[in-house]
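Chain residues, written in single-letter form:
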Amino acid sequence: MKIIPREIPAQQAWALRQAGVHPLLAQLYAARGVCSADELDDTPARLLAPSGLLGMDAAVRLLADAIERGLRLCIVADYDCDGATACAVGWRGLRMLGAAEVSYLVPDRVVDGYGLTPPIARRVKETGADVMVTVDNGIASVEGVAEAKALGLQVVVTDHHLPGNHLPLADAIVNPNQPGCSFESKSMAGVGVMFYVLLALRAELRARGRFDKTSQPRLEALLPLVALGTVADVVKLDANNRRLVALGLKQIRRGQMQPGLQALFDAAGRKAFAATTFDFGFALGPRINAAGRLSDMTIGIECLTTDDAGRAANLAQMLDAINRERRELEGGMREQALLMAEGLCTDGMTPPAAISVFDPDFHEGVVGIVASRIKDRMHRPSFVFAASGAPGHEHELKGSGRSIPGFHLRDALDLVSKRHPGLLLRFGGHAMAAGCTIAEAGFAVFEKALAQVAQEWLDAATLTRRIETDGPLDPDFRKPEMVEQLNLAVWGQGFAPPTFSEQLEVLSQRLVGEKHLKLQLRHQGETVDGIWFGHTDPLPSSACIAFRMDINEWRGERKVQFLIEGVHSDVS
């Protein structure tokens, strides 16, 4: 493992300090490309304008006409947290803007698979809907949209995924990643796209005289849901996404959120008044995702749409129980998959350039999580496959993959499909996460084909695990108050949370809970507690250690402890 301190542009850091930004935050922001305090302005007025999205005018005209005519709308969602929050935002927002009847339908992961398919389109028609709106899916649903149109439905696609070779023939498509769209933020999540549609729709209805700026619905109340979905989908937190998340977090900390969000904070044992992006990514998001993985995502969506606090609490407890089941299932699968992956090492040490594993007993609901664990452990693009449980598809495998920086997973799948026509029955995704369906008989071919692409694209430097850090930590900043101030900021994908590194003396170390290493370290002449979760190998007496700061509360005393991220040493 290599620990690489980020470069800190001195001029930018100085400018931020001069503008009143705390010296440590100025250093952190400058190292992440922030050049001026103006970029840190997270007021609503600084959000990018919805008009920059291609297809927006057509979408909002269609939706405004539908609302004025009293047509019935149906939202087709995805079964992850982004899809659930996008559905909740769309359902709540369209009703706020005057839609007479809004329903939703979410495919079953096992039975229906991903996205708008022809059978899903027929089910939407059977509900009596006149207009179908997709959220977090649809850009690749050429056949599904064609079926919906043939059935007489008007179709608005809102999505953020990368398109295929052909776009669906929908009445309107809003997707920052569609060809010809010049919208600056290409990393917006599906929930963000739907929120932007609502903002533009409100402006259209206002122009038609339905309400004015004083009486218009307060769509800003939906920002807590937008923030959750954006972080949980692990999209790049560019400037616009950071503003969306910051606005949502501020509302949550003030207690202004949907009952379901408060219930999820309670179920997870987290404090909403001190909400952070960590809560979204590691507490609330997994509980909603668990419903789509093992049960029915309508549980998650209802939790986010109900205004009954008691009902929300019951649903949040159900999601918590499903998530515990998910963790147990994942644990067994993870251990088995890691053993299989380690067995692929050619010399007992070096893994192939890309890893693919399959076992008939794997559950398709958690293959993505397990692929992520293999990727984290072995630092290789990783795919995990499970047998499809869909009726009529018993001899198909559904795979989910996670990648490392420098390897665009969807583009790799595209190349595999060109080199081996017919191998991939379906595929899609992003640079860092993708999915595909193959015939069971094609697994060996897929495994070799993906490894071949990885071998061609990845060099030794890319295959070396590396941690970028913010360098040494000034001991004056090693305070609980500083940790709290850092936690108020927006950190995540593409805007990494503060991680420091320096040579530390290891004074003592012992195992706790059989799988975590508890440490006592000397930092800048003072003793500091540390812990390395999921790590059991002992450390040398002195090492270059990468760490984050956290607050450990014990018997009323609050002390800073170091959360170890890695060590520049042979033992790591």
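Note that this is a predicted model, so its numbers are computed, not measured.

J.: Got a sec to walk through the side chain of threonine 499? Specific residues and values, please.
T.: Position of threonine 499 relative to the elements: it lies in the loop between α17 (480–488) and β13 (500–512). Setting aside residues no more than four positions away along its own chain, threonine 499 makes contact with Arg32, Ile467, Glu468, Thr469, Asp470, Gly471, Ala546, Phe547, Arg548 and Glu565.

J.: Run through the sheet that holds strand β7 (residues 355–358), naming residues and quoting values.
T.: One open sheet holds the five strands; their spatial order is β7-β8-β9-β11-β10, and the pairing between them is mixed. Bordering the open sheet on either side are β7 and β10 (424–429), each of which pairs with just one other strand. For this sheet, the mean angle separating the axes of adjacent strands, direction not counted, is 15°. Judged from the six bridges that link them, strand β8 (residues 382–387) and strand β9 (residues 396–402) form a sheet pairing that is antiparallel. Its bridge partner being in β9, phenylalanine 383 is matched across the sheet by glycine 401. Relative to the sheet, helix α15 (residues 409–419) contacts β8, β9, β10 and β11 (433–439), its axis offset from that of β10 by approximately 160°. Where helix α16 (residues 443–457) meets the sheet, it contacts β7, β8, β9, β10 and β11, and its direction lies at approximately 165° from that of β7.

J.: So what's going on with the sheet that holds strand β2 (residues 72–76)? Which residues, and what values?
T.: Strand order in this open sheet of five strands is β3-β2-β4-β5-β6, and the pairing throughout is parallel. Each of the sheet's edge strands pairs with one partner strand only, and the pair in question is β3 (101–105) and β6 (172–174). If you compare each strand with its neighbour and ignore which way they point, the axes differ by 20° on average. Across five bridges, β2 lies against β3 in parallel orientation. Across the sheet, valine 76 pairs through a bridge with leucine 105, a residue of β3.

J.: Hey, could you go over the nonpolar core for me, with residue numbers and the actual values?
T.: With 128 residues, the main nonpolar core has Phe195, Ile545 and Phe562 as its most contacted residues. The element contributing the most residues to this core is helix α7 (residues 190–207), with 11 residues. Counting residues in each nonpolar core, the second largest holds 24 residues, with Ala412, Leu424, Phe443 and Leu458 among its members.

J.: Quick one: what's the story with unusual backbone geometry, residue by residue and with numbers?
T.: The backbone of glutamate 514 shows a phi angle near 70°, a positive value even though the residue is not glycine. Relative to the assigned elements, glutamate 514 resides in the loop between β13 and β14 (516–523). Phi is positive for glutamine 524, which is not a glycine, with a value near 55°. Within the secondary structure layout, glutamine 524 lies in the loop between β14 and β15 (526–532).

J.: I'd like a description of the domain arrangement of the protein, backed by residues and values.
T.: Parsing the protein into structural domains produces domain 1 (8–40), domain 2 (48–220), domain 3 (345–462) and domain 4 (467–571). Using C-alpha coordinates to define each centre, domain 1 is positioned 38 Å away from domain 2.

J.: Which residues make up the UniProt feature "domain: RecJ OB" (unreviewed entry) in the protein, and what values do they have?
T.: Per the UniProt annotation, the sites labelled "domain: RecJ OB" (unreviewed entry) are residues 469–565. Along residues 469–565, the helical share is 9% and the strand share 53%, with 10 Å between the first and last C-alpha atoms.

J.: I'd like to hear about the packing of helix α4 (residues 81–96) against helix α8 (residues 223–232), residue by residue, with values.
T.: Angle between the axes and distance between the axes: these two values describe a pair of packed helices. Running from N to C, α4 and α8 point in directions that differ by 160°, and their axes come no closer than 8 Å. One element, α4, and the other, α8, form an angle in the roughly antiparallel class. In terms of crossing hand, the pair formed by α4 and α8 is left-handed. Facing Cys81, Asp82, Thr85, Ala88, Val89 and Arg92 of α4, the residues of α8 in contact are Leu225, Val226, Leu228, Gly229 and Ala232.

J.: Can you break down the packing of helix α3 (residues 56–69) against α7 residue by residue, with the values?
T.: Remark: α3 packs on α7, axes separated minimally by 9 Å, with the N-to-C direction vectors making an angle of 60°. Of the two possible hands of crossing, α3 and α7 adopt the one that is right-handed. Facing α3, whose interface residues are Met56, Val60, Arg61, Leu63, Ala64 and Ile67, α7 presents Tyr196, Val197, Ala200, Leu201, Glu204 and Leu205. Of the residues belonging to the contact of α3 with α7, the class tally is 10 nonpolar, no polar and two charged.

J.: So, the UniProt feature "domain: DHHA1" (unreviewed entry) in the protein: which residues are in play, and what are the values?
T.: Those residues carrying the UniProt feature "domain: DHHA1" (unreviewed entry) are residues 354–454 in this numbering. Each end of residues 354–454 is marked by a C-alpha atom, and these two atoms are 6 Å apart; helix forms 35% of the span and strand 30%.

What counts, and at which threshold
- Residues numbered from 1 in each chain as written.
- Predicted model: local features only at pLDDT ≥ 70, side-chain atom pairs only at ≥ 80, totals over all residues.
- Heavy atoms only, no water.
- Helix = DSSP H or I, 4+ residues; strand = E, 2+ residues; numbered from the N terminus.
- Contact = heavy atoms within 4.5 Å.
- Pairing = 2+ DSSP bridges.
- Axes fitted to C-alpha atoms, helices over the stretch in contact; angles between N-to-C directions.
- Core = buried A, V, L, I, M, F, W, Y, C linked by side-chain atoms within 4.5 Å.
- Buried < 20%, exposed > 50% of the residue type's maximum accessible area, 1.4 Å probe, protein only.
- Domains from an automatic or database assignment.
- UniProt positions renumbered as here; feature names shortened; annotations may be inferred.
- Parallel < 35°, antiparallel > 145°, perpendicular 65-115°, else oblique.
- Left-handed = near helix turned anticlockwise from the far one by under 90°.
- Nonpolar A, V, L, I, M, F, W, Y, C, P; charged D, E, K, R; others polar.

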